[in-house]
Amino acid sequence: MAVQLCYNRGCGKEYNIRENTEESCSFHPGAPYFHDAYKGWTCCQNKSTDFTTFLNTPGCNVGKHSNIKPVEPEKITGNLNKESSPEEVIEVRPPIQPAMTRPAKDTPLVRMTPTVAASLKQAVASLPPPEANGEEAAIKEGESCKNNGCKEVYGGGNSECKHHPGVPVFHEGMKYWSCCQRKTSEFQHFLEQEGCDIGSHKWTADKKGADISCRYDWHQTATHITVAVYAKKYDPVKSYVDLSPVRLVAHLHFPADNTDFDLDLELKGVVEVDACTANMLGTKLEIKMKKAETGSWAKLDIPKKVVKVEEENIVKDMSKAEPSVDALELDDLDLTPTRMSLSKEAQMKPSYA
């Protein structure tokens, strides 16, 4: 007895080819479809969200069993009218543009005209004015001259100031001034060297503001680069932004502490200087630069090369200078014991008259 498998959709039973009649098979003549979580058949309205229920749905048509697999419907995508479609698709791409020539780093900088926000002007105007201390009133009697090598004190007369305009240098056991190069190995002799230049006394030390560091960040789009330097209460008059196609220089002055912040970057790409803007806001300095070529930058700037230079041990502040003690040879010392005795005057007996 020949038994075959029925390939009608929804049947899947085995049948005897001799007993295959017009009412032996219950199947679905349509195709299955899945849409919005529903499973059903295109030939009838029976649909369900459960896949097992969908498989067990009885056929909506009756006929003979068939051992021929039904033809799967062709998936139609793209152009439905195949007769009007060309035989070959020719893709046309724009020509590749040559790389833009990068300008030199020393290209002249252009001073930008920033837009100053009202909040920054109010913050700077609210700062207290600097204290105007008279120089003569701040000098105390007996104050020493701050010039290197000068030993005069304030109030001791109006003599000339003989000093060393250079800096002290300690190298390979020798001590000397960078201005006159009179070398010695004795630290005391070095301190007693007379100045090689004549000028005016300086009774007060120079006041230098502490170094300040500001945080900066950047982000980009396909056409622009934006750099933000986060700072508050900086002077918009003394602060400036210089720009060239490959270099960015920003200078911020803080009047409250008399300090400055400088940012000097060699840009990774090339920008159009005429299309760039700068905004001085109350909390940051924002610089928006237009790219000369549309694209993405991997970095904002090109890191500077670190060049190791061997410098001599220069001490700028004499208060921090430590005298170096040369090696002492024990053979040079006279360790012979000496006998102590009284002088002739002490040995004479006193006479009592």
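Refer to the preceding data block for the structure.
Now for a quick tour of the structure. Since this is a predicted model, take the numbers as computed values, not measurements.

Let us look at the overall build of the chain. Each helix and strand in the chain was counted, giving five helices and 20 strands. For the chain, buried positions account for 27% of its 353 residues. Partitioning the intrachain contacts of the chain with sequence separation of at least 6 by distance along the chain shows that 55% fall at a separation of at least 24. Accessible area for the chain stands at about 26600 Å²; split by element, carbon and sulfur atoms hold 51% of it.

Going through the model one piece at a time under the given rule, you end up with nine salt bridges. Here Asp242 and Arg111 are joined by a salt bridge, their closest N and O atoms 2.3 Å apart. Of this pair, Asp242 sits in strand β16 (residues 240-244) while Arg111 sits in strand β8 (residues 110-111); the two residues are 131 residues apart in sequence, bridging distant segments of the chain. Its relative accessible area of 10% is what places Asp242 among the buried residues. One connected set of salt bridges, linked through shared partners, spans Arg102, Lys105 and Glu266.

Positive phi, normally seen in glycine, also occurs at Asp36, with a value near 55°. Residue Asp36 is classed as exposed on the basis of its relative accessible area of 60%. Not every positive phi belongs to a glycine, and Asn258 is a case in point at roughly 55°. In this fold, Asn258 is placed in the loop between β17 (247-254) and β18 (259-266).

Ranked by size, the top nonpolar core spans 29 residues in total, and within it Tyr234, Leu252, Leu285 and Met289 carry the most contacts. At the level of secondary structure, the elements contributing two or more residues to this core comprise α2 (118-125), β15 (224-230), β16, β17, β18, β19 (271-280) and β20 (284-291). No other element matches the five residues that β19 contributes to this core.

Now for the pairing of β15. Extensive coverage of β15 is indicated by the burial of five of its seven residues. Count of turn residues in the strand β14 (residues 215-220)/β15 antiparallel hairpin: three residues. Both β15 and β20 contribute to a ladder of seven bridges, which runs antiparallel. Residue pairing across strands places Val227 opposite Ile287, the latter belonging to β20.

Within the fold, Ser48 resides in strand β6 (residues 47-48). Each residue touching Ser48, except ones within four places of it in the same chain, is listed here: Ala37, Tyr38, Lys39 and Thr53.

Conventions used here
- Residues numbered from 1 in each chain as written.
- Predicted model: local features only at pLDDT ≥ 70, side-chain atom pairs only at ≥ 80, totals over all residues.
- Heavy atoms only, no water.
- Helix = DSSP H or I, 4+ residues; strand = E, 2+ residues; numbered from the N terminus.
- Buried < 20%, exposed > 50% of the residue type's maximum accessible area, 1.4 Å probe, protein only.
- Contact = heavy atoms within 4.5 Å.
- Areas by Shrake-Rupley, 256 points an atom, 1.4 Å probe, with all protein chains shown as cover.
- Salt bridge = Lys/Arg side-chain N within 4 Å of Asp/Glu carboxyl O.
- Core = buried A, V, L, I, M, F, W, Y, C linked by side-chain atoms within 4.5 Å.
- Pairing = 2+ DSSP bridges.

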